[in-house]
Amino acid sequence: MEQKIHQGRNVKRFREMLNIKQEALAYDLGEDWNQKKISMLEQKDVIEDKLLKQISAVLKIPVEAFQNFDEEQAVNIIANTFHEGAVANNSGYINCTFNPIDKIVQIHEEKIALYERMLKEKDEMMARLEKLINK
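Sequence order as written defines the numbering, with residues in each chain counted from 1. Per-residue local features of the predicted model are confined to residues with pLDDT of at least 70, and side-chain atom pairs are confined, for both listing and counting, to 80 or more; whole-chain, interface and lining totals are unaffected and use all residues. For the side-chain quantities, the full set of heavy atoms in the structure was used; hydrogens and water were omitted.

### Focus: the UniProt feature "coiled-coil region" (unreviewed entry) in the protein chain
Part 1: UniProt positions are given in the numbering used here, feature names are shortened, and annotations may be inferred rather than shown by experiment. Per the UniProt entry, the sites bearing "coiled-coil region" (unreviewed entry) are residues 105-135 in this numbering.
Part 2: Across residues 105-135, the secondary structure splits into 97% helix and 0% strand, with the terminal C-alpha atoms separated by 46 Å. In this description a helix means any DSSP run of H or I spanning at least four residues, a strand means any run of E spanning at least two, and both kinds are numbered starting from the N terminus.

### Describing helix 7 (residues 100-134)
Part 1: Every helix has an expected span of 1.5 Å times one less than the residues it contains. Here helix 7 contains 35 residues, and its C-alpha end-to-end distance of 51 Å stays within 8% of the 51 Å for a straight helix at 1.5 Å per residue.
Part 2: The opening residue of helix 7 is N99, an N-cap whose side-chain oxygen sits 3.0 Å from the backbone nitrogen of I101. We call two N or O atoms a polar contact when they sit within 3.5 Å, provided that within protein one can donate a hydrogen and the other can accept it, with sequence-adjacent residues counted only if both atoms are side-chain atoms.

### Remarks on the packing of helix 2 (residues 22-29) against helix 4 (residues 49-59)
Part 1: For helices, the fitted axis covers only the stretch in contact; all axes are lines through C-alpha atoms, and the angles between them, taken along N-to-C directions, range from 0 to 180 degrees. Packing of helix 2 against helix 4 leaves a shortest axis separation of 10 Å and a crossing angle of 110°. Relative to helix 4, the element helix 2 lies roughly perpendicular. Helix 2 and helix 4 meet at a crossing whose hand is right-handed. Where helix 2 approaches helix 4, its residues L25, D28 and L29 are matched on the opposing element by Q54, I55, V58 and L59. Any angle that is under 35 degrees is reported as roughly parallel, and any over 145 degrees as roughly antiparallel; angles of 65 to 115 degrees are reported as roughly perpendicular and all others as oblique. In this scheme, a crossing is called left-handed if the near helix is turned counterclockwise away from the far one by less than a right angle; it is called right-handed if the turn is clockwise. Here, two residues are considered to be in contact whenever any of their heavy atoms come within 4.5 Å of each other.

### Some remarks on unusual backbone geometry
Part 1: Even without being a glycine, N19 presents a positive backbone phi close to 60°.
Part 2: Structurally, N19 can be placed in the loop between helix 1 (7-17) and helix 2.
Part 3: Residue burial is assigned from relative accessible area. The probe radius is 1.4 Å, only protein chains are included, and a residue is buried under 20% of its type maximum, exposed over 50%, and partly exposed in between. Taking the relative accessible area as the measure of exposure, N19 reaches 70% and is therefore exposed.
Part 4: The backbone of K60 sits at a positive phi, close to 60°, despite the residue not being glycine.
Part 5: Take K60: it is sitting in the loop between helix 4 and helix 5 (63-68).
Part 6: The exposure class assigned to K60 is exposed, which follows from its relative accessible area of 72%.

### A few points about the packing of aromatic side chains
Part 1: Classification of ring pairs uses Phe, Tyr and Trp, with its six-membered ring standing for Trp, and accepts pairs whose centres are within 6.5 Å; under 30 degrees between planes counts as stacked, over 60 as edge-to-face, and the remaining range as tilted. The final tally for this structure, using the stated rule, is two aromatic pairs.
Part 2: Look at F14 and F66: their rings are 5.6 Å apart centre to centre, the planes differ by 90°, and that puts the pair in the edge-to-face class. Of the two residues, F14 is situated in helix 1 and F66 in helix 5; the sequence distance between them amounts to 52 residues.
Part 3: Given the relative accessible area of 0%, F66 is considered buried.
Part 4: Ring geometry for F14 and F69: centres 5.5 Å apart, planes at 65°, overall edge-to-face.

This is the structure:
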């Protein structure tokens, strides 16, 4: 059993995802549009191609998204791809090639060495300044 794609519902979904009110979409579509007309449009199974292109331009979404988006298929893809709290299932497990604690310790030691070099340079500079003052 083939399920038809409800283009009006898709317009509504994408409009809501973009957080655009019906009134705002009506305003962008032109003077002969209003909120009630948008509401009626979103109830239509099929929307004329010319109007879909106009809506596509306003929402900056490809016409094909309105024509082909099927919520049930999207839910199935998501359900079969992401499970048990997984963020992404296509990469497998990430094996860290270094110990993060060792890396922190290494950075800390480098920071200490840099600080000691800076103190040594400061002491040398102070010694030179004292020589200049005592001349």
